[in-house]
Amino acid sequence: RKEVEQDPGPFNVPEGATVAFNCTYSNSASQSFFWYRQDCRKEPKLLMSVYSSGNEDGRFTAQLNRASQYISLLIRDSKLSDSATYLCAVNMLGNYQLIWGAGTKLIIKP
Amino acid sequence: DAGVTQSPTHLIKTRGQHVTLRCSPISGHKSVSWYQQVLGQGPQFIFQYYEKEERGRGNFPDRFSARQFPNYSSELNVNALLLGDSALYLCASSPTTDEQYFGPGTRLTVT
């Protein structure tokens, strides 16, 4: 089993719809969680950090479920510009490396 | 403010050669991490440096080495290049060991 797993997609979603995807992690000691966005052939860009009870930033909401060991990302009122690959990353306290999922590809259609 | 910078942006090498990749972190950030990303996968951790000390090393062979300089910039060196080393090499800087901010990467092609 991979340490961090994501559904690769692609998720094909009409513009204006709400879309959500999850990321599961295997290490229950994991402490920090992040969502990154990566456009084709570009670097990952930090979208949101996810701590304890989760957080919201505009149309984006991230949640953490420790009991089931997953984080989620919800995008409301999706825009064409939201089309990208969304990567989750997990950092275990005392371990200095981020462990990454392979990403979920999102395609927003007009 | 300038973000993370990396050089070169693209590089083509042949098998057996050596390569040096460079990274300058965001001003004020003391931690630099290196990742390798191949197409269709998430980044794989190679090294992390903090205050010029190696703080973490991923599962990469000894052909990979790195260092951090007093100005917090960093170099990643790869010796005896293999075809499988072809990838996007990403540098990330961080004010702590948590949130990391990436440079544009160096795309290495080994032929």
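For the structure, check the block above.
Anyway, here's the lowdown on the structure attached to this text.

All names here are of chain B. Mapping threonine 20 onto the fold places it in strand β3 (residues 19-24). The buried category is assigned to threonine 20, whose relative accessible area is 18%. Polar side-chain contacts of threonine 20 include one of 2.6 Å to the side chain of asparagine 77. Apart from the residues within four sequence positions on either side, threonine 20 is in contact with Pro8, Glu75, Leu76 and Asn77.

On to the packing of aromatic side chains. Counted according to the given criterion, the structure contains twelve aromatic pairs over all chains. Ring centres of A:Tyr36 and B:Phe102 lie 5.7 Å apart, and the angle between their planes is 80°; this geometry places the pair in the edge-to-face category. Of the two residues, A:Tyr36 is situated in strand β4 (residues 30-38) and B:Phe102 in strand β10 (residues 101-102); the pairing between them involves two chains. Its relative accessible area of 0% is what places A:Tyr36 among the buried residues. Between B:Tyr35 and B:Phe102, the aromatic rings sit 5.6 Å apart at their centres with planes inclined by 50°, giving tilted as the arrangement. Placement of the pair is B:Tyr35 in strand β4 (residues 31-37) and B:Phe102 in strand β10, with a sequence separation of 67 residues. Taken individually, B:Tyr35 and B:Phe102 each receive the classification buried, so the pair is uniform in this respect. Members of the aromatic cluster, connected to one another through ring pairs, are A:Tyr36, A:Trp100, B:Tyr35, B:Phe45 and B:Phe102.

Turning to the interface of chain A and chain B, a few remarks are in order. Taken together, the contact pairs 19 residues of chain A with 21 residues of chain B. Overall, the association of chain A and chain B removes approximately 1700 Å² of surface from exposure, summing both partners, and the carbon and sulfur fraction of that is 52%. Remark: the boundary between chain A and chain B carries zero salt bridges. Counting every contact that joins chain A to chain B gives three residue pairs in polar contact (both at pLDDT 80 or more). Of all elements in the fold, only β4, β5 (44-50), β9 (84-92) and β10 (98-100) of chain A reach the threshold of two or more residues within the side of chain A that touches chain B. No other element matches β4(A), which puts four residues into the side of chain A that touches chain B.

What counts and how
Residues numbered from 1 in each chain as written. Chains lettered and ligands numbered in written order. Predicted model: local features only at pLDDT ≥ 70, side-chain atom pairs only at ≥ 80, totals over all residues. Heavy atoms only, no water. Helix = DSSP H or I, 4+ residues; strand = E, 2+ residues; numbered from the N terminus. Buried < 20%, exposed > 50% of the residue type's maximum accessible area, 1.4 Å probe, protein only. Polar contact = N/O pair within 3.5 Å; in protein donor to acceptor, adjacent residues only side chain to side chain. Contact = heavy atoms within 4.5 Å. Phe/Tyr/Trp six-rings, centres within 6.5 Å; stacked < 30°, edge-to-face > 60°. Buried area = accessible area lost by both parts, 1.4 Å probe. Salt bridge = Lys/Arg side-chain N within 4 Å of Asp/Glu carboxyl O.

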